[in-house]
Amino acid sequence: MKTKTSAPGKLMLFGEHSVVYGTPCIVTAVGKRLYVEVEKIDCYDDELITPQIKECTFVKETLKVFKEKYKIGECVKVTTKGDFSHQVGLGSSSAVTVALVKALSEIFKINLTNKEIFEISYQITLNIQKVGSGFDIAAAVFGKTLFFKTGGKIIEEIEVGKLPLVIGYSGVKADTPKLVKSLKSKVKSNEEKYKKIFEEIGKIVNEAREELINKNWKIVGELMSQNHKLLQQLEVSTSKLDRMCEAAAKAGAWGAKLSGAGGGDCMIAIVEDQKRKAVEAAIQKVGGEIIDVENSTEGVNLI
Ligand code: PMV
């Protein structure tokens, strides 16, 4: 018998980097998902069919941690399939980890709660990457749009529904753990400077939460652009991401910012319907690729 699960990717809306230092962030789950199929096999070793090498690392670690924790001796065949490439930074590693933990929990009848799936999956990603807040794991488990504090100290849904976002991919794959570690060493050398920036970002995140609930998109957009300026001060943006955000704003977006660790991956803009086409064209004109995905989607599920 096969157990099939899926989990969504994510986009950081507000508060990247500062979330690692204790302030909150806001993340939304996206319409691109990772699918996992697990079946018990009569064999000496697990069989893994994963199209991406990166996913394979997470699958192996998940099997190791899960089997040790729940003292499982049986072997499984794991097949993964993704709606999205790991290149664009939408969180395929966290989605595959969460979907596999859920599938193993079902097939071995452990009946884990979502909070337990979060805890185990977060530990697995920390074993591999050493750093990270776990916001991507929370999005994969709980879905929707979430207000989140590092390690899952707070995970609360923001009831906002679909957000009018445009997403542009910069064409460059970001190395998130490397960027987080490099900021860490800068913070060590000038704690006062960075503490101030993180506090300012924290304020923006709290305001953004209220304005999202009120669907006050204009202010949400202004807060996005302010958040982007602070990320520039953290020196994690790139000239390409800056150009894409500027182009979006010039074409009439309410606001724009990079999304995630910076150094590449995606930017987001919040845009009224009538201006969507113009904003998309402006981002493309400066070399960005439009990624068409829904947001605030469902968390991990059985299929
Ligand atoms: O690069 P992404 O999309 O995985 O986002 C990283 C966000 C950080 O705040 C920089 C790190 C983290 O784990 O919160």
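Each remark here, short or long, concerns the structure printed above.
Residues numbered from 1 in each chain as written. Predicted model: local features only at pLDDT ≥ 70, side-chain atom pairs only at ≥ 80, totals over all residues. Heavy atoms only, no water.

Give me the environment of Gly31: which residues, what numbers.
Mapped onto the elements of the fold, Gly31 is located in strand β2 (residues 25-41). According to the relative accessible area criterion, Gly31 is partly exposed, its value standing at 33%. For the pair Gly31 and Thr297, spaced 266 residues apart in the sequence, the C-alpha separation amounts to 5.9 Å. Apart from the residues lying within four places of it in its own chain, the contact partners of Gly31 are Asp83, Val293, Glu294 and Thr297. (Helix = DSSP H or I, 4+ residues; strand = E, 2+ residues; numbered from the N terminus. Buried < 20%, exposed > 50% of the residue type's maximum accessible area, 1.4 Å probe, protein only. Contact = heavy atoms within 4.5 Å.)

So what's going on with the site of the ligand? Which residues, and what values?
Lining the immediate surroundings of the ligand are 14 residues, of which Lys10, His17, Ser133, Thr176 and Ala261 lie closest. Between the ligand and the protein, one listed contact pairs an oxygen atom with a side-chain N or O atom of Lys10 at 2.6 Å. In this structure, His17 approaches the ligand through a main-chain N or O atom, which is 2.8 Å from an oxygen atom. Against a free-state accessible area of 380 Å², the protein chains account for coverage of 93% of the ligand. With respect to the detected pockets, the ligand is housed in the largest pocket. Those elements giving two or more residues to the shell around the ligand turn out to be β1 (2-14) and α5 (176-189). (Near = heavy atom within 4 Å. Polar contact = N/O pair within 3.5 Å; in protein donor to acceptor, adjacent residues only side chain to side chain. Areas by Shrake-Rupley, 256 points an atom, 1.4 Å probe, with all protein chains shown as cover. 1 Å grid on protein atoms, 1.4 Å probe; cavity = no way out; pocket = protein on both sides within 12 Å on 5 of 7 lines; lining within 4 Å. Sits in = over half its atoms within 2 Å of the grid points.)

Account for helix α2 (residues 92-107), naming residues and giving values.
Compared with an ideal rise of 1.5 Å per residue, which puts 16 residues at 22 Å, α2 spans 22 Å between its outermost C-alpha atoms and is within 8% of the ideal. For α2, a buried count of 15 out of 16 residues is recorded, marking the element as mostly surrounded by other parts of the structure. Within two residues after α2, Lys109 carries a phi angle of roughly 55 degrees, on the positive side. (Expected span 1.5 Å × (residues − 1).)

Which residues make up the pairing of β1, and what values go with them?
Extensive coverage of β1 is indicated by the burial of 11 of its 13 residues. As judged from the 11 bridges shared by β1 and β2, these two strands associate in the antiparallel manner. Within β2, the position partnered with Lys2 by the bridge is Glu39. Pairing of β1 with strand β11 (residues 301-302) involves 2 bridges; the strand directions are antiparallel. Note that in β11 the partner of Thr5 across the bridge is Leu302. (Pairing = 2+ DSSP bridges.)

Requested: an account of the nonpolar core, with residues and values cited.
Core analysis: the largest hydrophobic core is formed by 95 residues, its most contacted members being Phe14, Ile26, Val38, Leu234, Met267, Ala269 and Val279. When residues in this core are grouped by element, the largest group, 9 residues, is from α2. If sequence neighbours within four positions are ignored, Val279 has contacts with Val166, Ala248, Ala251, Gly252, Ala253, Ala269 and Val271. (Core = buried A, V, L, I, M, F, W, Y, C linked by side-chain atoms within 4.5 Å.)

How would you explain the side chain of Ser18 if you had to name every residue and give the values?
Among the secondary structure elements, Ser18 is positioned in the loop between β1 and β2. For Ser18, a relative accessible area of 0% gives the class buried. From its side chain, Ser18 meets the backbone oxygen of Gly15 in a polar contact 3.2 Å long. Each residue touching Ser18, except ones within four places of it in the same chain, is listed here: Thr23, Phe198 and Ile201.

Just give me the short version of the pattern of salt bridges, but keep the residues and values in it.
With the rule as written, the count across this model stands at 14 salt bridges. Residues Lys2 and Glu37 are paired through a salt bridge, measuring 3.6 Å at the closest nitrogen-oxygen approach. You can see Lys2 sitting in strand β1 and its partner Glu37 sitting in strand β2, a full 35 residues away along the chain. Residue Glu37 is joined to Lys4 by a salt bridge in which the shortest nitrogen-to-oxygen separation is 3.9 Å. Taken together, the residues Glu37 in strand β2 and Lys4 in strand β1 connect sequence positions 33 residues apart. Overall, the relative accessible area of 23% leaves Glu37 in the partly exposed class. (Salt bridge = Lys/Arg side-chain N within 4 Å of Asp/Glu carboxyl O.)

Any chance you could break down the layout of surface pockets for me, citing the residues and the numbers?
In this model, the largest pocket occupies a volume close to 670 Å³. Taken together, 39 residues line the largest pocket, and the ones lying closest to its centre are Lys10, Gln129, Asp136, Thr176 and Pro177. Those elements giving two or more residues to the lining of the largest pocket turn out to be β1, α1 (53-69), α2, α3 (114-129), α4 (135-142) and α5. Residues that form the lining of the largest pocket fall into these classes: 17 nonpolar, 15 polar and 7 charged. By volume, the second largest pocket amounts to about 160 Å³. In terms of lining residues, the second largest pocket is bounded by Ser225, His228, Lys229, Gln232, Asp242, Cys245, Glu246, Ala249 and Ala256. Elements with a contribution of two residues or more to the lining of the second largest pocket: α7 (217-233) and α8 (239-250). (Points joined across faces, edges and corners; volume = space filled by probe spheres on them. Nonpolar A, V, L, I, M, F, W, Y, C, P; charged D, E, K, R; others polar.)

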